[in-house]
Number of protein chains: 2
Amino acid sequence: MPPSDATTLDTLETPALVLDASRLDRNLARLAARMAEQGVALRPHMKTAKSIDVASRAFPNGPGPITVSTLAEAEYFAGHGYRDMTYAVGVSPHMAARAMRLRQAGIDIKVLLDTREQAAILGEAGRAAGVTPSAFIEIDCDGHRGGLLVTGPNLLGVAAALDAAGVTLAGVLTHAGESYALHTPEALEAAAENERAVAVEAAQRLRAAGYECPVVSVGSTPTAHFAKALDGVTEMRAGVYMFFDLVMHGVGVCTTDDLALSVLATVIGKRPEKGWIMVDAGWMALSRDRGTAAQRVDQGYGIVCDLDGRPYPDLIVAHASQEHGTLVIRSGSSQALPDLPVGAKVRIMPNHACATGAQHERYHVVFGPARAIAAEWPRMRGW
Amino acid sequence: MPPSDATTLDTLETPALVLDASRLDRNLARLAARMAEQGVALRPHMKTAKSIDVASRAFPNGPGPITVSTLAEAEYFAGHGYRDMTYAVGVSPHMAARAMRLRQAGIDIKVLLDTREQAAILGEAGRAAGVTPSAFIEIDCDGHRGGLLVTGPNLLGVAAALDAAGVTLAGVLTHAGESYALHTPEALEAAAENERAVAVEAAQRLRAAGYECPVVSVGSTPTAHFAKALDGVTEMRAGVYMFFDLVMHGVGVCTTDDLALSVLATVIGKRPEKGWIMVDAGWMALSRDRGTAAQRVDQGYGIVCDLDGRPYPDLIVAHASQEHGTLVIRSGSSQALPDLPVGAKVRIMPNHACATGAQHERYHVVFGPARAIAAEWPRMRGW
């Protein structure tokens, strides 16, 4: 929808979530081109954007395949014409039943699991709903979270349990979550190759045992951008690549010029004797995410930029309370605190786009470098 | 409103925010009784609950004085009959104009400031709206955030600027934010006495200079509960005391039996070889707040309890991704991982009630120890 009145970054009330759609489009095109070159389907993860308008930028020719992190997302995107989706969180009994209601409505939703119990629960939910469920077996490629080890006994066991429960095996799915902790091209390339190799090996084990395993799904934003070859992989999942953020910048996947998301804030006070500038964006607007704290450069709660998105040298949000952010010059820097009067506006680049986005109801869309708010795009939330 | 159908904690979909209204009522009564004894008015901060239904438990006889952290809260509570409110975040030009629209509508909203610039901006906003603004001068009692030093030259300067701008001086306001970092009764009592003494001294300086300074407003949940005397103070502000949380438990203000808020979650996987249980509550449901990380006992992303709210010994949420939480036995403990099958439900006590609550659309209300969902109370959000 259009904004309620003619607004620009200069007049927008703060705090507010700003999305530079020029950068969004560039980021979308970058990974789409990369996957087209590799001949691998891209299944964008909607957990970051949670917005039909952002999805429409990724799929200008109409709905395509998507990944979702909640069934509320699945239902929301189904309501906007998306029919091919993977719910990439281990399925619970409740969510199995709810996903089957989507299948009853003609939505091709695939779920994720890594236990025999889930296979049985899902089969039962399918029978109760009169539909055939489809599930990915989750593979653990790097010890990050859930999933089965490719060499363990459970892989074939879960496949057999799916078969016994009347569930279609969609394929194998893995996520190189540990790639977020890396920061050199060599390590990222190796993580991508490991993710690929483990997923393909899992598929081969299943196929050798007689199971059709049509899809080999991998993905994380770092590995999607650093994979040199994707032989045997059929699809790539990634989400935060649409917006990027300071964590991804610290990993080395993007530059700060690629960051599409920022939080607009207003100066509400100063403590010159302490070297502090107070703004009206605290953790409620920025999120509590401190993902850069473990990286080589700790960005506090974010990098502070002018209204055109140019960082003030070494100015970061060092502290955040609920509705207050404290801007300081980064420790060790000789830069001077900029002279920002009460009422001045800044844009803050966040650590983690998924977390910061979730604190807001809507995107205020600019096509940078223009400052005019071209649109307001609502975000969905909940489970 | 009543829940959509007859639901209990056993059948509620997860993740979900659960509020034990028995504990809420007990926490509300505890501080109300304490302030009544001291003869000090209580002005609860609605930034934690953001709910008219919770406010109604605090004010069973009709709307009373409240504190708000956003003008969206002010407008929401004004729409529900609340007329006496303090907006306790330094006022920006936009928010000055918006607050004046509330005064035009007959709402007695007081704002907060600590600069001459804000005084001039507020005066101008009042004149433009045809109303007389009312403002507190923010006092810094412990170096935590904004505010003026009681001994500095700016206190009388800002008072003079308010006078010149045609703004009513409501009084002085301070917040002992550093009390969150304490954990002994002696230190907390000293912080409360310091907060009181600084606020009263500021009021006395203003009165000695000829300014009427009717209200002396102090408050933080720790100091509200540890103040031994409040001579000269006229009102107390506190918010998180309604729910309490693990940070407040670490400070020593409450026991875990006082925690009214929890997140209901379902087991979605296990990694016995790693000592992990996976649940469907990640940081989207729990928030990214790691407030206990700096305390003596780090609770991870929360303490894991059974459906009746009894903690499993030493079981915490050690890691959280967007929609996954990883339960582990606390490092150094000899406890065994409980046998929780896929589909089992747990309740997670959060680090920070303000941050965790903000991740949710509504409270599912129980009157513990009953498991029935007695009501659903919506939360408001935004700015």
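Okay, so let's go over this structure. (Residues numbered from 1 in each chain as written. Chains lettered and ligands numbered in written order. Predicted model: local features only at pLDDT ≥ 70, side-chain atom pairs only at ≥ 80, totals over all residues. Heavy atoms only, no water.)

1. Comments concerning the side chain of glutamine 299 of chain A
Residues and elements named next belong to chain A. Quick reminder of the rule: Strands here mean DSSP runs of E at least two residues long; helices mean DSSP runs of H or I at least four residues long; both are numbered from the N terminus. We define a polar contact as two N or O atoms separated by no more than 3.5 Å, with the added condition that, inside protein, one atom must be a possible hydrogen donor and the other a possible acceptor, whereas residues neighbouring each other in sequence contribute only through side-chain atom pairs. Whether two residues are in contact is decided by their heavy atoms: any pair within 4.5 Å suffices.
Mapped onto the secondary structure, glutamine 299 falls in the loop between α10 (283-286) and β12 (303-305). Engagement of the side chain of glutamine 299 in a polar contact is seen with the side chain of arginine 330, the distance being 2.7 Å. Excluding residues within four positions of it along the chain, glutamine 299 makes contact with Leu246, His249, Thr292, Ile316, Val317, Arg330 and Asn351.

2. A look at the relation of the copies chain B and chain A
Let me state the cut-off plainly: Copies overlap after least-squares fitting; the atoms used are the C-alpha atoms of residues with pLDDT of at least 70 in both.
Superposition of chain B onto chain A requires a rotation of 180 degrees combined with a translation of 0.0 Å along the rotation axis, giving an RMSD of 0.0 Å. This pairing of chains is accounted for by a two-fold axis. Relative to the rotation axis, the closest C-alpha in chain B is found at arginine 288 of chain B, a distance of 2.5 Å. A share of 100% of the interface residues of chain B reappears at the interface of chain A, consistent with the copies meeting face to face through the same patch.

3. Quick look at the nonpolar core
Short version of the rule: Take the buried Ala, Val, Leu, Ile, Met, Phe, Trp, Tyr and Cys residues and link them wherever side-chain atoms come within 4.5 Å; each set so joined is a nonpolar core. Only protein chains enter the accessibility calculation, which uses a 1.4 Å probe; a residue is then buried when its area is under 20% of its type maximum, exposed when over 50%, and partly exposed in between.
Counting residues in each nonpolar core, the largest one holds 257 residues, and the members touching the most others are Phe243 of chain A together with Phe243 of chain B. The residues contacting phenylalanine 243 of chain A, other than those within four sequence positions of it, are Leu19, Leu24, Asn27, Thr48, Ala49, Val54, Asp258, Leu259, Ala260, Leu261, Ala353 and Tyr363 of chain A.

4. Considerations on the pairing of strand β1 (residues 16-20) of chain B
Residue and element names in this part refer to chain B. Let me state the cut-off plainly: The rule for pairing is simple: two strands pair if DSSP sees at least two bridges between them.
With 5 of its 5 residues buried, β1 lies for the most part within the structure. Neither face of β1 is left uncovered, since the one carrying Ala16, Val18 and Asp20 and the one carrying Leu17 and Leu19 both have all their residues buried. Alignment of β1 against strand β10 (residues 261-271), held across 4 bridges, turns out to be antiparallel. Within the sheet, the bridge partner assigned to alanine 16 lies in β10 and is leucine 264. In this structure, β1 lies alongside strand β16 (residues 362-366), joined through 3 bridges in parallel fashion. Paired with valine 18 across the strands is histidine 364, a residue of β16.

5. So, the sheet that holds strand β8 (residues 215-218) of chain A
Residue and element names in this part refer to chain A. Just so we agree on the cut-off: Angular values range over 0 to 180 degrees, each being the angle between N-to-C directions of two axes fitted as lines to C-alpha atoms, with helices fitted over their stretch in contact.
Taken in spatial order, the 8 strands make up an open sheet running β2-β9-β8-β7-β6-β5-β4-β3, and their pairing is parallel. Both outer strands of the open sheet, β2 (41-44) and β3 (66-68), are each paired with one neighbouring strand and no more. Ignoring strand direction, the axes of neighbouring strands in this sheet form an average angle of 30 degrees. In this structure, strand β7 (residues 168-174) lies alongside β8, joined through 3 bridges in parallel fashion. Across the sheet, leucine 173 pairs through a bridge with serine 217, a residue of β8. Strands in contact with helix α4 (residues 93-104) are β4 (84-90), β5 (108-113) and β6 (134-139); relative to β5, the strand with the most contacts, it is inclined by about 160 degrees.

6. Describing helix α3 (residues 71-79) of chain B
Residues and elements named next belong to chain B. Looking at α3, one finds that the buried residues are Leu71, Ala72, Glu73, Ala74, Tyr76 and Phe77. The inward-facing, buried residues of α3 abut α2 (52-58), β3 (66-68), β4 (84-90), α4 (93-104), β5 (108-113) and β17 (375-378). Of the residues flanking the start of α3, the one acting as N-cap is threonine 70, its side-chain oxygen 3.4 Å from the backbone nitrogen of alanine 72. At the exit of α3 stands glycine 81, carrying a positive phi of roughly 95 degrees.

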